Amino acid sequence: MKNLIFVALIFISSITISQDFTISGTIKDASNGEDLIGATIKVKELPSVGAITNVYGFFSLSLPKGDYTIVFNSLGFKPQEQKIALTENKKFNIELEVSSIEFEEFNVTGEIEDENVSSTEMGVEKLDPKSIEVIPVLLGEKDIIKTFTLMPGIKSGGEGTGGFFVRGGGVDQNLVLLDEAVVYNASHLLGFFSVFNSDAIKDVSLYKGGMPAQYGGRGSSVMDITMKDGNSKKFGASGGLGVISSRLTLEGPIVKDKGSFIVSGRRSYADLFLKLSPNPDFNDTKLYFYDLNLKANYKINDKNRLFLSGYFGRDVLGVGTDFGFNWGNATGTLRWNHLFSDKLFSNTSLIVSNYDYEFIIGGGDESFGFKASILDYNIKQDFSYFLNDKNTVKFGVNVIYHTFDPGQLLSEIESFTPIDLNDLLATESAVYLQNEQKFSELFSIQYGLRYSFFNYLGNSDDVKTYNTAGDVTQTQFYNRHETVQFYGGFEPRLAAKYMLSESSSVKASFNRNYQYIHLLSNATASSPTDSWVPSSNNVKPQIIDQVALGYFRNFKDNMFEFSVEGYFKNLQNQIDYKNGAELFLNGDVEKELTFGRGIAYGAEFYLKKTKGKLSGWLSYTYSRSLRQFDAINDGEYYPARQDLIHDISVVGIYKFTEKWVASASFVYTTGLAVTFPSGGYQVEGVTVPFYSGRNQSRFPDYHRMDVGVTWYNKKTDKFESNWNFSIYNLYGRENTFSIAFIEDENNPGQTVAEQTSLFKIIPSVTYNFKF
Amino acid sequence: MKKLIPLLILSVLTLSLSSCRKIIDIEQEEADQTTVIQAELYEGTNDFSVKITKTGNFFGDNSLEVITNATVTLDDGTTSYPISHTGNGRYILPAFTAISGTEYTLVVNENGNNFEAKATMPALVPIDTVTYVFLPQSTFTDEGYLTQIEFQDPAGEENFYRLFLTIQDELFGDIENLILLDDGFLDGNRIEFPLFAADVAQAFDTITMELHSCDENTLTYLEGVDEVLGGGNGAPPANPDGNFNNGALGNFSVYAVAKKSTVIIP
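Worth saying up front: this structure is predicted, and the values here are computed from it rather than measured.

## A closer look at the overall build of chain B
Point 1. Looking only at helices and strands, chain B features two helices and 16 strands.
Point 2. Buried positions account for 33% of the 266 residues belonging to chain B.
Point 3. Partitioning the contacts of chain B with sequence separation of at least 6, the portion at a separation of at least 24 is 64%.

## Quick word on the overall build of chain A
Point 1. Check the secondary structure of chain A and you find five helices and 50 strands.
Point 2. Scaling as 2.2 N^0.38, a compact globule of 771 residues should have a C-alpha radius of gyration of about 28 Å, and chain A matches this with 27 Å.
Point 3. On the principal axes, the C-alpha backbone points of chain A span a range of 90 × 60 × 50 Å.
Point 4. The 771 residues of chain A split such that 50% are buried.
Point 5. A fraction of 63% describes how many contacts in chain A between residues 6 or more apart in sequence connect residues 24 or more apart.

## With respect to the sheet that holds strand β6 (residues 80-86) of chain A
Strand pairing in a sheet is mediated by backbone hydrogen bonds. Such pairs are either parallel or antiparallel.
Residues and elements named next belong to chain A.
Point 1. Read across the sheet, four strands follow the order β3-β2-β5-β6 without closing on themselves; strand pairing throughout is antiparallel. Either end of the sheet is taken by a strand with one partner, and the two such strands are β3 (46-52) and β6. Taking the axes of each pair of neighbouring strands and ignoring which way they run, one obtains an average angle of 25 degrees across the sheet.
Point 2. Bridge count for strand β2 (residues 40-43) against β3 is four bridges, and the pairing is antiparallel. Note on β3: the bridge partner recorded for Thr40 is Ile52.

## Overview of the domain arrangement of chain A
Residue and element names in this part refer to chain A.
Point 1. Here the domain parsing of chain A yields domain 1 (2-98) and domain 2 (115-770).
Point 2. Domain 1 and domain 2 are separated by 33 Å when their C-alpha centres are compared.
Point 3. With 24 residues of domain 1 at the contact, the number on the domain 2 side is 25 residues.
Point 4. Contributing elements (two or more residues each) for the side of domain 1 that touches domain 2: α1 (2-14), β1 (20-29), β3 and β4 (58-64).
Point 5. A per-element tally of the side of domain 1 that touches domain 2 places β4 first, with five residues.

## What about the environment of B:Ile37?
Residues and elements named next belong to chain B.
Point 1. Its place among the elements puts Ile37 in strand β2 (residues 35-42).
Point 2. The exposure class of Ile37 is buried, given the 26 C-beta atoms found within 10 Å.
Point 3. Sequence separation between Ile37 and Gly250 is 213 residues; the distance between their C-alpha atoms is 4.9 Å.
Point 4. Sequence-distant contacts of Ile37, that is, excluding residues within four places in its chain, are made with Val50, Ile52, Val108, Phe115, Phe244, Ala248 and Gly250.

## A look at the sheet that holds strand β48 (residues 738-743) of chain A
Point 1. Ordered by their spatial adjacency, three strands build an open sheet running β48(A)-β49(A)-β1(B), and the pairing between neighbours is antiparallel. Among the strands making up the open sheet, the edge pair consists of β48 of chain A together with β1 (20-24) of chain B. Strand-to-strand twist in this sheet, taken as the mean axis angle between neighbours without regard to direction, amounts to 35 degrees.
Point 2. Direction of pairing for β48(A) relative to strand β49 (residues 751-757) of chain A: antiparallel, over a ladder of six bridges. Within β49(A), the position partnered with A:Ile742 by the bridge is A:Val752.

## Remarks on helix α2 (residues 216-230) of chain B
Point 1. End to end, α2(B) covers 21 Å across 15 residues, agreeing with the expected 21 Å (1.5 Å per residue, within 8%).
Point 2. Among all positions in α2(B), only B:Asn217, B:Thr218, B:Leu219, B:Thr220, B:Tyr221, B:Leu222, B:Gly224 and B:Val225 are buried.

## Quick look at the nonpolar core
Side chains that are nonpolar tend, in soluble globular proteins, to be buried together.
Point 1. Grouped together as the largest cluster of nonpolar side chains are 90 residues, with contacts concentrated most on A:Ile144, A:Phe148, A:Leu177, A:Val183 and A:Met223.
Point 2. Among residues more than four places away in sequence, those in contact with A:Leu177 are A:Val182, A:Met223, A:Asp224 and A:Ile225.
Point 3. Within the second largest apolar cluster, 58 residues are counted, among which are B:Ala39, B:Tyr91, B:Tyr221 and B:Val254.

## Re the pairing of strand β21 (residues 304-319) of chain A
Residue and element names in this part refer to chain A.
Point 1. As defined by bridge partners, strand β20 (residues 285-301) adjoins β21 across 16 bridges and the pair is classed as antiparallel. Of the residues in β21, the one forming a bridge with Asp291 is Gly313.
Point 2. A loop of two residues connects β20 with β21, the two strands running antiparallel in sequence.
Point 3. As paired strands, β21 and strand β22 (residues 323-339) are joined by 16 bridges and run antiparallel to one another. Each residue of the ladder has a partner; that of Gly318, found in β22, is Gly324.

## Observations regarding unusual backbone geometry
All names here are of chain A.
Point 1. Even without being glycine, Asn695 reaches a positive phi, approximately 55 degrees.
Point 2. Position of Asn695 relative to the elements: it lies in the loop between β44 (686-690) and β45 (697-698).
Point 3. Look at Asn695 and you get buried, because 21 C-beta atoms sit within 10 Å.

Here is what the cut-offs are and how they apply
- Residues numbered from 1 in each chain as written.
- Chains lettered and ligands numbered in written order.
- Predicted model: local features only at pLDDT ≥ 70, side-chain atom pairs only at ≥ 80, totals over all residues.
- Helix = DSSP H or I, 4+ residues; strand = E, 2+ residues; numbered from the N terminus.
- Buried ≥ 20, exposed ≤ 12 C-beta atoms within 10 Å, placed from the backbone.
- Contact = placed C-beta atoms within 7 Å.
- Rg over C-alpha atoms; globule rule 2.2 N^0.38 Å.
- Pairing = 2+ DSSP bridges.
- Axes fitted to C-alpha atoms, helices over the stretch in contact; angles between N-to-C directions.
- Domains from an automatic or database assignment.
- Expected span 1.5 Å × (residues − 1).
- Core = buried A, V, L, I, M, F, W, Y, C linked by C-beta atoms within 7 Å.

Next up, the structure:
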């Protein structure tokens, strides 16, 4: 594999020998020193040539000797021009001033003009965390994941279901990265809120398909979140007071313009109100979550920079001393940016990710406790080689060491023998090489190849092999770290763009993704106790292929952006439970699994208005997601739970004055596919439900409208603040959280369906400040 | 556990927010009616009863269509016994003697469809003693006597048990509160099984234990029933796996019953 990269590099460099010089450097926000991601570098004299900054604000562009006017620009900033006579390599450290017109437009989707049409990538959605604060959300908690679900192809399962679905994929097929660290459970309070505190986030991209070769490990999507670096100019504080939680962020320079830090915390306080309740059942109830984001960076010199970032979040539930339940993620990332030359950028990352949950039942010496966790150590080396103005090469390697603790049951009761399921161990590795090549002004291709491989390792215990009936066919002892099973495969990635005109393009992409770890998710609702399992001698890696085709068009001087994208996905080695599977504390959970395949396809229509007093978007998605398992529904195709056929989102933001911004959103989605009884019969005098097949029924359709208004206080140099008022579920739609089958009060002995919905009309108010 | 978490969240949200419940109509596709056969054969001399119905509605009127014209026979390997309909879909073979170790085959022919199940009568496992121990009030129980059954599990074979406990007139272990046991980790042991699943008994209550030895398939079937009635433990719900071929629901279950009573003396 290393030879392959070497050969490819030689090949690429051999085709482009010339007398080029390189301009390189960084682009920052002049007000706070934050690196600007995706800022553009354009050359006036060469309209087809340009570069964009990477996630560290770095750019590199090679040009022939000559006189040029370079334009540095970024969304929401004043463009800066520099005339240069290029006779040698040049360095720039650009600081862009915030544009005063920032207030006029709420370009929530954080894209530069025409980027949707001109970039080679397709199937990617971006969000500007700063702008989403005007979009109304549940209890005023601005939430990047909830805002993404208003975009085409990204769907929520409704209130109270964690995670999100991308193009028919499951919740576990989303790779969620926070400063490169995997976040295994991205929801608080069973999915009411995401774990990402928007105050600490600089940039978010979500790839629905055509993901670059640097990403891998999940089948459906990549959500790549970059935390803010902190203000390197001066100390500042910002925060907000909300109905359910409050936030506080502190940031400032470590050494001015050389290093900075940010600390951002959030805690909910519903439980503090519960304490006031006279009802003893509630006033000793614990129910809260918190998040803490930390980041520091230091620029050692022009060639070296260090970053340290961390995330800690936890949910805690409890009733008195009898019941306690808590879960959370912790991640840490240490990064070292190094410039080998003006053209070769390197980043080395050491990453730790942890997710665990625990519950305790009973108090004192009668208590039972259950714990489970997943822990990753991850080392990553990425290079970007800015070969010339036509080619940008990226390559790298990555090794992850996984430890899965499937669970241990402990008790203070003396006679109880603790149950501790053995840890499962595995390594997941990958190498990749990718080039983005501009063939002409009109045509460019991003092509890459990733080779990933996985070792399921022994842990000084017996490894069982099961047949399809779930019987053990072989038991073999493996030492710790001895390979039990190896899997590996090539993952080709391709994205191509052809400009039809200045304001329209067609794009196509293909990607293959291997997924080696799987979430055994409760099929009726996702929960913090769903467990991750590795591929093994019994469980093969999921392989997901996607082809997509899109048409992109901008109208009226970019006032309107339109796109339509169609996709087809083939899903191999999908996992589901056998009928009547036993899951809890089951050391042999693999025998409860059954394997099959799936397809997903859809069309996504997106019309966005980016300018003017009224901005926002309309999105409609038609999609299907079907599965086929020999052991389920007699081998016929059946809808996946997330087969949400029709999905409509409308978002409108209206700016009345500098001070008042109003917004509204509407969503409509087909109900989740669920398994309900289709009949009944009697066993020993009791009616037992009869099921005719998996996922043959539907929840009622989901729809909801939210409205909000934001009032900005007069902004001064020292202090700015705003009030946000919102109403969630304006017309009080009772959307389904769960359906239970109960005895009919009016007709004893008969069964009726009782729906529980969580939220009717929820007004809320949030106060945000910054100084 | 899975049920407890949403319940807890719900209860808190109910207080602080505005969760609400209402009865809704579920769109149902017309499911084909499936034949359901329930048969229980007991060791010793008893009436052997078979009930045959079709599946009915789950919502609303849940009366079932009974099958009155089926041909039902029980075969013990040497003789085939016809079983006649006695009314309301029930077929009875009176005073039949079932013997441990014998494989029985039940054949039902209903409108040309043939359904067959085989089961081997297990050996009776006797109860040694029924004991009880006083428990003070705690998180888990009220104050009273926890009952315990003690018996010798036969070594070298798999054994499966369904337990019933009667405290005065109250029965524990019915189909909605099954108490099931197998000797997977306890083969050949003397088993002392406290019935946490039942209520505690009070002084001078009469308690009766019934130890129903059954075959593996019967236990699997009962576990399946327990799961669909209890809403499962997270896995998608599915019909209990009975031993009839040809897609019939229900089960041909075999039991050998031991029984013992005692009175709680404080």
